[in-house]
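Chain and residue survey
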Amino acid sequence: MMRLFFAVLLDEHTRGRVALVQEAMKRALAGQRISWVKQENLHLTLRFLGEQDEKGLRQAIEAGQTVARERQTFRFVVQGAGAFPDLRRARVLWVGVEEPVEPLYYLAHQLEKELRQRGFPPEDKPFRSHITLARIKEPPPAQVMQKLIESLPNEPLGSVEVRSFVLMQSVLNPNGSLYTPVQEFPLGAG
Ligand code: 3AM
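What this report covers is the structure whose coordinates are included nearby. If you're wondering where the values come from, they're calculated on a predicted model, not measured in any experiment.

A word on the packing of helix H2 (residues 54-70) against helix H3 (residues 102-117)
The relative placement of two packed helices is expressed as an angle between their axes plus a distance between the axes. Packing of H2 against H3 leaves a shortest axis separation of 9 Å and a crossing angle of 135°. The angle between H2 and H3 falls in the class oblique. Our pair here, H2 against H3, has a crossing hand that is right-handed. Of the residues in H3, those touching H2 at Ala60, Ala63, Gly64, Thr66, Val67 and Glu70 are Leu107, Gln110, Leu111, Glu114 and Leu115. Partitioned by chemical class, the residues of the contact of H2 with H3 number six nonpolar, three polar and two charged.

Written out as structure tokens, the structure is:
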């Protein structure tokens, strides 16, 4: 079995800029129990698939190929930061996506459609484009979070050219997940 998800990877420049925001967050939240995503692992998840067998892998690849053929290269801007589910109960810290967000949503939507046609159970949570920076075990006090978010720069962190998306394997281990690309799907290659 393989734990799989579809993602858009970030270029090195954008990852570097996002990592600087992460460093600022680390300083502001020093002493809290937080697990930080490593710079090389920063990505934008399009769809989590969970544990899949050989057949699931094959069908995920088919779905990815179908979607990628129909889509053209596009750009999005990484900008803004926040927390899920909200600042008071922060569990996940993220940086967001500014305009245009539609192509990413459309990509996620098309993947969802192709996966469902192949018998994958529907994703119950709506897609929200974000790049996870950290997972928080115990939410810090609301004032700490508010200060943190207010202190963050709100300028664009990078303009990402999406020429492909990737099916990733995630191997969980105590020191953080290990992500490995299984297959890349170049956009508009059909
Ligand atoms: O990129 P993010 O952090 O949003 O949280 C996991 C990560 O998303 C998410 O899949 C991505 C790669 O691991 N994930 C993990 N388990 C999940 C689950 N059971 C999940 N998403 C939905 N359901």
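Back to the text.
A word on the site of the ligand
The full set of residues close to the ligand is Arg3, Phe5, His43, Thr45, Phe48, Lys125, His130, Thr132, Arg135 and Tyr179. The separation between an oxygen atom of the ligand and a polar side-chain atom of His43 is 3.0 Å. His130 is positioned such that a nitrogen or oxygen atom in its side chain is 2.7 Å from an oxygen atom of the ligand. Bound to the protein, the ligand loses 69% of the 490 Å² it would expose on its own. Because more than half of its atoms lie within 2 Å of the grid, the ligand is assigned to the largest pocket. Sorting the residues of the shell around the ligand by element identifies strand E1 (2-9), strand E3 (43-52) and strand E6 (130-136) as the ones contributing at least two each. When its residues are assigned to classes, the shell around the ligand shows three nonpolar, four polar and three charged.

Things to note about the pattern of salt bridges
Applying the stated rule across the entire model yields 10 salt bridges. For Glu155, the salt bridge is made with Arg17, and the minimal N-O distance between the two is 3.9 Å. Of this pair, Glu155 sits in the loop between helix H4 (142-151) and strand E7 (158-162) while Arg17 is found in helix H1 (residues 12-28), placing the two residues 138 residues apart along the sequence. Among the residues examined, Glu155 registers a relative accessible area of 40% and is labelled partly exposed. For Arg17, a relative accessible area of 27% corresponds to the partly exposed category. Because the salt bridges share partners, they merge into one network encompassing Arg47, Glu112 and Arg116.

Here we look at the side chain of Thr14
For Thr14, the position within the fold is in helix H1. Exposure remark for Thr14: the relative accessible area of 0% places this residue in the buried category. Contacts of Thr14, omitting those with residues within four sequence positions, involve Val78, Leu157, Gly158, Ser159 and Val160.

Conventions we followed
- Residues numbered from 1 in each chain as written.
- Predicted model: local features only at pLDDT ≥ 70, side-chain atom pairs only at ≥ 80, totals over all residues.
- Heavy atoms only, no water.
- Axes fitted to C-alpha atoms, helices over the stretch in contact; angles between N-to-C directions.
- Helix = DSSP H or I, 4+ residues; strand = E, 2+ residues; numbered from the N terminus.
- Parallel < 35°, antiparallel > 145°, perpendicular 65-115°, else oblique.
- Left-handed = near helix turned anticlockwise from the far one by under 90°.
- Contact = heavy atoms within 4.5 Å.
- Nonpolar A, V, L, I, M, F, W, Y, C, P; charged D, E, K, R; others polar.
- Near = heavy atom within 4 Å.
- Polar contact = N/O pair within 3.5 Å; in protein donor to acceptor, adjacent residues only side chain to side chain.
- Areas by Shrake-Rupley, 256 points an atom, 1.4 Å probe, with all protein chains shown as cover.
- 1 Å grid on protein atoms, 1.4 Å probe; cavity = no way out; pocket = protein on both sides within 12 Å on 5 of 7 lines; lining within 4 Å.
- Sits in = over half its atoms within 2 Å of the grid points.
- Salt bridge = Lys/Arg side-chain N within 4 Å of Asp/Glu carboxyl O.
- Buried < 20%, exposed > 50% of the residue type's maximum accessible area, 1.4 Å probe, protein only.

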